[in-house]
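As a plain string of letters, each chain reads:
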Amino acid sequence: GGNDDDTAGAKKKNTPKETTATKKATKKKTEAPPKKKKKVEPELPVFKWWELPPLPPGKKWVTLEHAGPTFPPVYKSHGVRMLYDGKPVTLSVAAEEAATDFSKYLDSPHMEKPQFSTNFFKDFRKLLKAEADDG
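Residues numbered from 1 in each chain as written. Predicted model: local features only at pLDDT ≥ 70, side-chain atom pairs only at ≥ 80, totals over all residues. Heavy atoms only, no water.

## Focus: the overall build of the protein
Applied cut-off: In this description a helix means any DSSP run of H or I spanning at least four residues, a strand means any run of E spanning at least two, and both kinds are numbered starting from the N terminus. A 1.4 Å probe rolled over the protein chains alone gives each residue an accessible area, and that area as a share of the maximum for its type sets the label: buried under 20%, exposed over 50%, partly exposed in between. Contacts are assigned to residue pairs that have any heavy atoms within 4.5 Å of one another. Per-residue and other accessible areas were derived by the Shrake-Rupley procedure at a 1.4 Å probe size, with only the shown protein chains allowed to occlude residues.
Counting its secondary structure elements, the protein contains four helices and two strands. For the protein, the sequential pattern of α-helices and β-strands runs α-α-β-β-α-α. With 135 residues in all, the protein has 7% of them scored as buried. Here the analysis covers contacts within the protein between residues at least 6 apart in sequence; of these, 33% occur between residues at least 24 apart. Within the structure as shown, the protein displays about 13800 Å² of accessible surface, and the carbon and sulfur contribution to it stands at 59%.

Structure representation (structure tokens):
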């Protein structure tokens, strides 16, 4: 059986009536001066690639966007002289840059391959010879 008393107990409880003074007090609280709005940057549209229809077999993409080429910063000479046969040698900026780049690989797996060093010194000699011919 159902209990009719349950629905009777769910009726509105007796609460004290709001006076006009409390109504005015709450009204004043809600009418605070408008706050300064923060500058909101517009959101970029989100590309939902997963919602695109599938591409035909063999086709991997439809468009390509590229931000343009990037270039490394201009090399700044550190002025460290290289030792050749135990004698200090001053290098040009270009030769110093090449030697500095090569030195980064001295403790790497690249040095286990003799061709890596052979290729570097072949190009390095050409660079030194070209500078000797120019100077």
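Don't stop here, the text continues.
## Digging into the packing of aromatic side chains
Note the cut-off: Only rings of Phe, Tyr and Trp enter the pairing, Trp through its six-membered ring, and a pair is recorded when the two centres are within 6.5 Å. The plane angle decides the type: under 30 degrees is stacked, over 60 is edge-to-face, the rest tilted.
In the structure shown here, the tally under the stated rule is seven aromatic pairs. Judged by centre distance (5.6 Å) and plane angle (85°), the rings of Trp49 and Trp50 are edge-to-face. Each member of the pair, Trp49 together with Trp50, is exposed. On the basis of an interplanar angle of 65° and a centroid distance of 5.4 Å, the ring pair of Phe102 and Phe121 is categorised as edge-to-face. Of this pair, Phe102 sits in helix 3 (residues 93–103) while Phe121 sits in helix 4 (residues 114–134), placing them 19 residues apart in sequence. We classify Phe121 as partly exposed; its relative accessible area is 34%.

## Things to note about the nonpolar core
For the record, the criterion: Throughout, nonpolar core names a set of buried Ala, Val, Leu, Ile, Met, Phe, Trp, Tyr and Cys residues whose side chains join them through atoms within 4.5 Å.
Listed in full, the six residues of the largest apolar core are Leu91, Ala95, Ala99, Phe102, Phe120 and Phe124. Taken together, the elements giving at least two residues each to this core come down to helix 3 and helix 4. Examining the composition of this core, we find that three residues originate from one element, helix 3, more than from any other. With near-sequence residues (within four places) excluded, Phe102 lies in contact with Met111, Phe116, Ser117, Phe120 and Phe121.

## Some details on the pattern of salt bridges
Put simply, the rule is: We count a salt bridge whenever a side-chain nitrogen from Lys or Arg sits within 4 Å of a carboxyl oxygen from Asp or Glu.
Under the defined criterion, the tally for this structure stands at two salt bridges. As a salt-bridge pair, Asp133 and Lys129 come within 3.5 Å of each other at their nearest N and O atoms. Of this pair, Asp133 and Lys129 both sit in helix 4, four residues apart, which is roughly one turn of that helix. You can call Lys129 exposed: its relative accessible area is 54%.

## A word on helix 4
In an α-helix, one turn spans 3.6 residues, which is why side chains three or four residues apart end up on the same side. The following threshold applies: Expected span, for any helix, means 1.5 Å times one less than how many residues it has. Each C-beta atom gives one direction from the helix axis, and the arc is the one those directions make.
In this model helix 4 runs 31 Å from its N-terminal to its C-terminal C-alpha over 21 residues, within 8% of the 30 Å that 1.5 Å per residue would give. Along helix 4, the residues classified as buried are Ser117, Phe120 and Phe124. For helix 4, the buried positions fall inside an angular range of 65° around the axis, keeping them on one side. Those residues of helix 4 that are exposed and aimed more than 90 degrees away from the buried face are Pro114, Arg125, Lys126, Lys129 and Asp133. Of the surrounding elements, those touching the buried residues of helix 4 are strand 1 (82–84) and helix 3.

Geometric descriptors of this kind do not, in isolation, establish any biological role.
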